[in-house]
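What follows is the residue order along each chain.
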Amino acid sequence: MQYNSLNKQSLAVGFQEALFRGLAPDKGLYFPGNLPHFSEDFWRSLPEQDPQDIAFQVMKNFVQEDLSGEQLRAILAEVLHFDLPLKEIDKDLFVLELFHGPTLAFKDVGALFMARCLSALTPNPDNRLTILVATSGDTGGAVANGFLGVPGVEVVILYPSGKVSTLQEQQLTTLGQNITALEVQGSFDDCQRMVKTAFLDEEIKSQRLLSSANSINVGRWLPQMLYYILAVAQFQKKHSFEKAQELIFSVPSGNYGNICAGMLAHRMGMPARHFVAATNANDVVPRYLSGEEYQPKASVQTYSNAMDVGDPSNFIRIEELWGYERNELSQKLSSYAYSDAQTLAAMQHLHKEFNYLADPHGAIGYLGARKQQRKTPGKPAVFIETAHAVKFLPVVKKALGFEPELSPALQDLMARPKVSTEISTYEELKALLLA
Ligand SMILES: *Cc1c(COP(=O)(O)O)cnc(C)c1O
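How each quantity is defined
- Residues numbered from 1 in each chain as written.
- Predicted model: local features only at pLDDT ≥ 70, side-chain atom pairs only at ≥ 80, totals over all residues.
- Heavy atoms only, no water.
- UniProt positions renumbered as here; feature names shortened; annotations may be inferred.
- Helix = DSSP H or I, 4+ residues; strand = E, 2+ residues; numbered from the N terminus.
- Buried < 20%, exposed > 50% of the residue type's maximum accessible area, 1.4 Å probe, protein only.
- Contact = heavy atoms within 4.5 Å.
- Phe/Tyr/Trp six-rings, centres within 6.5 Å; stacked < 30°, edge-to-face > 60°.
- Lys NZ or Arg CZ within 6 Å of the ring centre and 35° of its normal.
- Near = heavy atom within 4 Å.
- Polar contact = N/O pair within 3.5 Å; in protein donor to acceptor, adjacent residues only side chain to side chain.
- Areas by Shrake-Rupley, 256 points an atom, 1.4 Å probe, with all protein chains shown as cover.
- Nonpolar A, V, L, I, M, F, W, Y, C, P; charged D, E, K, R; others polar.
- Salt bridge = Lys/Arg side-chain N within 4 Å of Asp/Glu carboxyl O.

Going by the annotation in an unreviewed UniProt entry, the name recorded for the protein chain is Threonine synthase, with Aureicoccus marinus given as the source organism. Of the comments in the UniProt record for the protein chain, the one headed Sequence similarities (unreviewed entry) reads "Belongs to the threonine synthase family." Entered under Catalytic activity (unreviewed entry) in the UniProt record, the comment concerning the protein chain runs "O-phospho-L-homoserine + H2O = L-threonine + phosphate".

## Thoughts on the environment of G14
Structurally, G14 can be placed in the loop between β1 (3-5) and α1 (15-21). Under the relative-accessibility criterion, G14 is labelled partly exposed at 23%. In sequence terms G14 and N4 are ten residues apart; their C-alpha atoms lie 9.1 Å from each other. In contact with G14, not counting residues within four places along its chain, are M1, Q2, Y3 and D66.

## Quick notes on unusual backbone geometry
Backbone geometry at K27 places phi at a positive 70°, although glycine is not the residue there. Of note, K27 is situated in the loop between α1 and β2 (30-32). Among the residues examined, K27 registers a relative accessible area of 52% and is labelled exposed. One non-glycine residue, N355, lies in positive phi territory at about 55°. With respect to the helices, strands and loops of the structure, N355 is situated in the loop between α17 (340-354) and α18 (360-375).

## Examining the packing of aromatic side chains
Scanning the model with the defined rule gives 16 aromatic pairs in all. When the ring of F38 is compared with that of W43, the centres are 5.9 Å apart and the planes differ by 75°; the resulting orientation is edge-to-face. There is no split in this pair, since F38 and W43 are both buried. Residues Y288 and F315 carry aromatic rings whose centres are separated by 5.8 Å and whose planes lie at 85° to one another, so their mutual orientation is edge-to-face. Taken as a pair, Y288 in helix α14 (residues 284-289) and F315 in helix α15 (residues 315-321) lie far apart in primary sequence, 27 residues in all. Of the residues examined, F315 reaches a relative accessible area of 1% and is grouped as buried. The structure contains a cluster of three or more aromatic residues connected by ring pairs, namely Y256, Y288, Y294 and F315. Lying across the ring of W322, R267 places its NZ or CZ 4.2 Å from the centre.

## Points about the site of the ligand
Taken together, 15 residues lie around the ligand, and K107, D138, G254, N255 and T386 are the ones closest in. Interatomic distance of 2.8 Å between a backbone N/O atom of Y256 and an oxygen atom of the ligand. Between an oxygen atom of the ligand and a main-chain N or O atom of G257, the distance comes to 3.3 Å. Relative to its unbound accessible area of 390 Å², the ligand is 97% covered by the protein chains. In the shell around the ligand, the residues fall into six nonpolar, seven polar and two charged.

## Remarks on the pattern of salt bridges
A side chain of one charge can pair with a side chain of the opposite charge if their charged atoms are brought near each other. All told, the structure shown has 25 salt bridges when counted by the stated rule. Across the salt bridge formed by K430 and D201, the nearest N and O atoms sit 3.0 Å from each other. Pair noted here: K430 is in helix α21 (residues 426-434) and D201 is in the loop between α8 (188-199) and α9 (202-207), with a separation of 229 residues, a long-range link. As a salt-bridge pair, D283 and R287 come within 3.1 Å of each other at their nearest N and O atoms. A relative accessible area of 34% places R287 in the partly exposed class. Each member of the salt-bridge network shares a partner with another, and the members are D283, R287, E292 and K297.

## Focus on the side chain of S334
One can find S334 in strand β11 (residues 333-337). Reaching out from S334, the side chain makes a polar contact with the side chain of Q372 at a distance of 3.4 Å. The residues contacting S334, other than those within four sequence positions of it, are H274, F275, V276, A277, L289 and Q372.

Written out as structure tokens, the structure is:
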């Protein structure tokens, strides 16, 4: 597989180079040069296949020039070691729970896959590899966990001070070892901008082998296809292939990496009818799909903080998938924005009607699923629950009046001392990286 830069100025590269570069030299995102297409027989056979085998057959197309079959199988066994259950909570309403991984959010699969690929493909183990990553909440913990204790790798995480939940902050500031947390006086967009600047800084690059772990990285982005494909496999175990072709997927979206991976799988032939990008007050994409200009803005803070993104990095990949044709894209993708008040009401509704404890992101996914079902009655919908509700205790308390109990492991995490370094400018980040 060759990966092209979406800015079209840089040369195409293989998986290894796209993985290590993160962003192409022309600042474009990498995108697969030619998508594999799987036959209808393949999709029909999903329910009879082992999830590891499905994952192997899909992912090998994207990495086979660089990873051997055995390497890929070993990586997938380490990555897919927890459940990704699809649960029916009402007639034709399903929740896909992607929070059963080590840091309780869907980002574990992408972060683990990327970490294992980087370790397997490090060209020179003596050159210190630095993973530089900005997080709006869950990325930091997932990446830190994926790389914790990996020899020869340092992880530097930037997060916006006061804008992530306490549990999220504990997950990235208490690990120590090869993990450094930088607490940025600013927004997630500021963190992301600093990371992008560092990647283009020759002085830093002369001293460190830098790699990103944000959802722009193909190593994180691509394995997210597996959520959808494995969900369709579960769906078809109970329902038909024909019904799977009617599925609506509603995805809580911030940087649009997760939903874009689902749409990529659909482009490869995966059955689905429609995708919904459900989001909060950060509504660049809903506005665009309703006919307005595509107008990135400063992010605003909401209860669903992992989606507080004013300039979603991966949306361009969705555009690429649909040939930059808004009308065609609108046939496959709808996008709806919800306020904090609607988020709380949805959490209450899910708890009362279905005895389901949703986090604020999943609740927004639910609202998107229902809205699309009202437009196309009788179609089955899956909303994605991207994080466990315990990651957002204050919001759960506000919505439901009680706090779900923390497991002993989480109580232990909350009691650990936080270690972070405060920074507010790019120069401070640069000084730390050159030190
Ligand atoms: C990261 C995250 C999102 C947004 O995912 P994108 O791939 O950036 O769109 C949604 N919900 C939760 C809980 C997250 O951690």
